[in-house]
Amino acid sequence: MITVASCPVCSLTFPPGGAICPRCGGPLTPSPREGNGRVLAATELYAPAAGWASLHRLLLVELEEGGTVLATAHQRLPRPGEVGVVREDVEHRWVWHPAGD
Amino acid sequence: MTVAIASTGLTRFGKRSEPLDALLAEAARKALEAAPSSARGPQALVVGAMAASPLGHTESLGPKVANLLALPEVDVTHVEAASATGAAAFHVGVQLASSGRYDRVLVTSGEKMTALTNPDATAMLARSLSNHEAAHGATMPSMAALVSQVYLFRHGLTIEDVAEVTVRNRANGSKNPNAQFQTPVTPEEVNSSRMVSDPLRLLHVSAVSDGAGAVLLTRTAPEGEGVRVLGLGQGTDLLEVASRPTEPVGFLATRRAARAAYDEAHIGRKEVQVAEVHDAFAPFQLIDLEDLGFCGSGGGLAWTRAGRGDPSGVLPVNPSGGLLARGHPVGASGIAQIIEVDRQLRGEAGPMQAGRPRVGLAQSVGGLGSHNFVTILGKGGP
């Protein structure tokens, strides 16, 4: 389960924290999502920024309930098209888990 | 009245020992020395740098550069627009000149990046992403990798196909005396270079670099000779790549900027005869070609393979070698592109000269496509 910010006016989805939609100015509202989704793109970063471990994995995940989110993956790099679930970790980062995990 | 380019100056790009203000002054001094005597006393100075303090370890760049140039009474402004800073500084300079308040405006824009380690420079550049993306450890190359992956998948291309871009740009850059990389590379070298962020390899990615470029702007009659500014365009998009309403197979900000620039110049894309586009990552050049309307969606690779963008092609693209050959000191790249277009229009590009173009375009990507710029220049007179 993750909580995104969604705009009731233009239906776009954003990370939490904002008050107004950056696109249309509509009021952003917290929207819980199950986090189920399909990987749109995934990369392993071999030269991460200072303070991050290598390999660092980043994904774009299309959520079943609408919207695309950025997430990390801890265990392995999923393939585009693979289904799984995005959950929030203790540091409030969104982490992808393979289906059934 | 319209705004004309009186003269330009470029430093050599690559690892430089000088501090940022000295690089900016070096480029500016070259522009001033190349200017006709009537244009040498700039009344305004626009300085561009994306991250003067964290990358270049300096602040108050305007007065520092003014002092180095012995211009103590010039009006100074500092401009920042991430990796499009050089283009943004140029646009501000043009607007100052066209306002009528100043007859002569000097723009100098650059960056000093090699004083930091690569991981530190990478972390610094990642600050131009959204806070959420940065909090997930995203970097410019990793976000570019995700965009590239979607682009390649949607158009049925492979990353091996994209080596074409690096090979052609590095071949062009071998003729550029200011480029950081002046040696050609083969497709095999591109495709076996070390991985940076899958699918992007080292030779798909422009290098951390130092350098600066400067332009002296004057006002002139619309029908005057020389190189004039025909059109400026800026486009913005949502900062958060994942939240954008369309799939990341192109940059809405480039399409918006191009439309505005074409409209202001009263020309269509088919009238552009030379272009310098933002190839910070090799797949971006294909995206740029499509966003600028030079070819249809997904057609960038075929257009490139057909030689249309070669120096002898119908529309030479990055005859300077682009960012992939020149290096990418983030605050310098945008103005360097404009300077290279200016030199093409004047017929003064030396071994890089690509025909005798009369209309040229430069396109710069700010951040990960969040604020992009298009500049159109034209050659007046016979």
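Details of the structure are given in the entry above.
Residues numbered from 1 in each chain as written. Chains lettered and ligands numbered in written order. Predicted model: local features only at pLDDT ≥ 70, side-chain atom pairs only at ≥ 80, totals over all residues. Heavy atoms only, no water.

Caption draft 1: Region of the structure containing unusual backbone geometry. Residue Leu55 of chain A is reached from Ser54 of chain A by a cis peptide bond, and omega for that bond is 0°. Take Leu55 of chain A: it is sitting in the loop between β4 (36–45) and β5 (56–63). Along the chain, Asp198 of chain B connects to Pro199 of chain B via a cis peptide bond; the corresponding omega equals 10°. Position of Pro199 of chain B relative to the elements: it lies in the loop between β5 (195–197) and β6 (200–201). Positive phi values are uncommon outside glycine, yet Ser11 of chain A reaches one of about 70°. Inspection of the secondary structure puts Ser11 of chain A in the loop between β1 (2–6) and β2 (13–14). Judged by relative accessible area, which is 58%, Ser11 of chain A ranks as exposed. For His266 of chain B, which is not glycine, the phi torsion reads 55° and is therefore positive. (Helix = DSSP H or I, 4+ residues; strand = E, 2+ residues; numbered from the N terminus. Buried < 20%, exposed > 50% of the residue type's maximum accessible area, 1.4 Å probe, protein only.)

Caption draft 2: Representation of the packing of aromatic side chains within the structure. Residue and element names in this part refer to chain B. Taken as a whole and judged by the stated rule, the model has two aromatic pairs over all chains. Pairing Phe251 with Phe284 gives two aromatic rings, centres 5.1 Å apart and planes at 75°, and the pair type is edge-to-face. Taken together, the positions of Phe251 in the loop between β8 (226–236) and α9 (252–265) and Phe284 in helix α10 (residues 282–291) put the pair 33 residues apart, joining distant regions of the chain. Neither residue differs from the other here; Phe251 and Phe284 are each classed as buried. Judged by centre distance (5.2 Å) and plane angle (70°), the rings of Phe281 and Phe284 are edge-to-face. The pair Phe281 / Phe284 is uniform in exposure class, with both members buried. (Phe/Tyr/Trp six-rings, centres within 6.5 Å; stacked < 30°, edge-to-face > 60°.)

Caption draft 3: Representation of the sheet that holds strand β3 (residues 29–33) of chain A. Residue and element names in this part refer to chain A. Reading across the sheet, the three strands line up as β2-β1-β3 and stay open at both edges, with antiparallel pairing between neighbours. The two strands at the open ends of the sheet, each matched to only one other strand, are β2 and β3. Taken together, the five bridges between β1 and β3 define a ladder with antiparallel strand orientation. Pairing of Ala5 across the sheet is with Pro30, part of β3. (Pairing = 2+ DSSP bridges.)

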